[in-house]
Amino acid sequence: MMAYKYIVMDMDDTLLTSNNEISEKTFSYLMEKQREGMKLILASGRPTAGMIKHAVALEMDKYHGFIVSYNGAYVIDAQKDEIIYKETISKVDAHKIIDFCREHNFFYLTYIDDAIVFDRTHEYMNIESDLTGLPMKSVDDLKDFITGDVPKVMGVDFEENIAKANSALNGQFNEQISSTISKPYFLEFMNHQVSKGKTLEKLFNKINIDFEDVIAFGDSLNDYDMLEKAGVGVAMGNANDTIKNIANIVTEDHDHDGIVVALEKLLTK
């Protein structure tokens, strides 16, 4: 049996249930695996502050796990509580992305001082705050408010509009900025050197771990290269078809302990 060392998990619609929590069964199982020597990595499009409480609950500081936030823009060593990697978006590119979102009539936001910052309204405007628990800060003009680098910018709109824009971009906004979808109504813009897969590769090189040692779980397009690179890439039962097609296996959905179902099979072979 392959001795896997790391369990890498997306959060929304993967680790977390529809109630935005870790189920008791999944929590207990992950704690057991850590006690046995495996380590956890949370890899999410979420801002760091929207991930911390789950990392704390899982005692990832004690078991030396890692947090990969903003789709890979930041890596935090949970044991040392310090940022060990960061790739951000420049003010100039952030302004260009905002212009793009305005042209497409998207709601758009970024993150400054652990707040979600925005300058217009939308039917979906509160979703990110509801998911992450971060406060929202309204400003007169987001471009004027951005005075330096930001971790990412996100466009928000109805699913069909986001899908159309994502298809046209084909993963690349410009030479410096890449794009992807996390939830169907979230169009994410990051530094072109950033994705979950690219950032995990940098982390693993640093800590001398091979992707073959990793089981990764995800459900959406921003999980694509993470699952593709992993020793075993697992698509949740609720994942989109693109992710299911590139995954090594498909498990149960996030409301039926899909992570545990897959790990019980993989770790007892």
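Here we summarise the structure given alongside this text. In this text, all values refer to a predicted model and were calculated from it rather than measured experimentally.

### Points about the sheet that holds strand 12 (residues 214-218)
(1) Moving on: Taken together, the 8 strands give an open sheet; going across it, the order is 5-4-3-2-1-12-13-14, and neighbouring strands pair in mixed fashion. Both edges of this open sheet fall to strand 5 (82-86) and strand 14 (249-250), since each of them pairs with a single strand only.
(2) Moving on: As paired strands, strand 13 (residues 232-235) and strand 14 are joined by 2 bridges and run parallel to one another. Along strand 14, the bridge assignment pairs Ala235 with Val250.

### Digging into the side chain of Arg46
(1) Moving on: If you trace the backbone, Arg46 turns up in the loop between strand 2 (39-43) and helix 3 (52-57).
(2) Moving on: For Arg46, a relative accessible area of 3% puts it in the buried group.
(3) Moving on: Reaching out from Arg46, the side chain makes a polar contact with the backbone oxygen of Gly50 at a distance of 2.8 Å.
(4) Moving on: Discounting chain neighbours no more than four positions away, the residues touching Arg46 are Met11, Asp12, Leu16, Asn20, Met51, His54, Ser69, Tyr70, Leu131 and Thr132.

### A look at the pattern of salt bridges
(1) Moving on: For the coordinates displayed, the defined rule picks out 11 salt bridges.
(2) Moving on: Of the charged contacts, one joins Glu36 and Lys33 as a salt bridge, the two residues approaching to 2.8 Å between their closest N and O atoms.
(3) Moving on: On the basis of relative accessibility, which here comes to 52%, the residue Glu36 falls in the exposed class.
(4) Moving on: Connected via shared salt-bridge partners are Asp10, Lys196 and Asp223.

### Description of the packing of aromatic side chains
(1) Moving on: Following the criterion strictly, the structure yields 12 aromatic pairs and no others.
(2) Moving on: Aromatic ring contacts, followed pair by pair, group Phe100, Phe106, Phe173 and Phe189 into a single cluster.

### Describing the pairing of strand 1 (residues 6-9)
(1) Moving on: Residues Tyr6 and Val8 point to one face of strand 1 and Ile7 and Met9 to the other, with burial holding for every one of them.
(2) Moving on: With 4 bridges connecting them, strand 1 and strand 12 associate as parallel partners. In the strand pairing of strand 12, Met9 is matched with Phe217.

### A word on unusual backbone geometry
(1) Moving on: The backbone of Asp13 shows a phi angle near 70 degrees, a positive value even though the residue is not glycine.
(2) Moving on: Tracing the chain through its elements places Asp13 in helix 1 (residues 11-15).
(3) Moving on: Phi at Asn208 is positive, roughly 60 degrees, even though this residue is not glycine.
(4) Moving on: A residue is classified by how much of its surface remains accessible, and Asn208, at 70% relative accessible area, is exposed.

### Here's the deal with the sheet that holds strand 9 (residues 153-156)
(1) Moving on: Taken together, 6 strands build an open sheet; the order of strands is 8-7-6-9-11-10 and the sheet is mixed. Edge strands, defined here as strands with exactly one partner in the open sheet, are strand 8 (136-138) and strand 10 (177-181). The average angle at which neighbouring strand axes cross in this sheet is 30 degrees, direction not considered.
(2) Moving on: Inspection of the sheet shows strand 7 (residues 115-118) paired to strand 8 by 3 bridges, in the parallel sense.

### What about the environment of Asp113?
(1) Moving on: Structurally, Asp113 can be placed in the loop between strand 6 (107-112) and strand 7.
(2) Moving on: By relative accessible area, Asp113 is classed as exposed at 77%.
(3) Moving on: In sequence terms Asp113 and Val150 are 37 residues apart; their C-alpha atoms lie 10.0 Å from each other.

### So, helix 7 (residues 159-169)
(1) Moving on: Of the positions making up helix 7, those classed as buried are Ile162, Ala165, Asn166 and Leu169. Buried residues of helix 7 fall within an arc of 100 degrees about the axis and therefore sit on the same side. Relative to its buried face, helix 7 has exposed residues pointing more than 90 degrees away, namely Glu160, Lys164, Ser167 and Ala168.
(2) Moving on: If you follow the buried residues of helix 7, they end up packed against helix 4 (91-103), strand 9, strand 10 and strand 11 (186-191).

Scoring rules and cut-offs
Residues numbered from 1 in each chain as written. Predicted model: local features only at pLDDT ≥ 70, side-chain atom pairs only at ≥ 80, totals over all residues. Heavy atoms only, no water. Pairing = 2+ DSSP bridges. Helix = DSSP H or I, 4+ residues; strand = E, 2+ residues; numbered from the N terminus. Buried < 20%, exposed > 50% of the residue type's maximum accessible area, 1.4 Å probe, protein only. Polar contact = N/O pair within 3.5 Å; in protein donor to acceptor, adjacent residues only side chain to side chain. Contact = heavy atoms within 4.5 Å. Salt bridge = Lys/Arg side-chain N within 4 Å of Asp/Glu carboxyl O. Phe/Tyr/Trp six-rings, centres within 6.5 Å; stacked < 30°, edge-to-face > 60°. Axes fitted to C-alpha atoms, helices over the stretch in contact; angles between N-to-C directions. Arc of directions from axis to C-beta.

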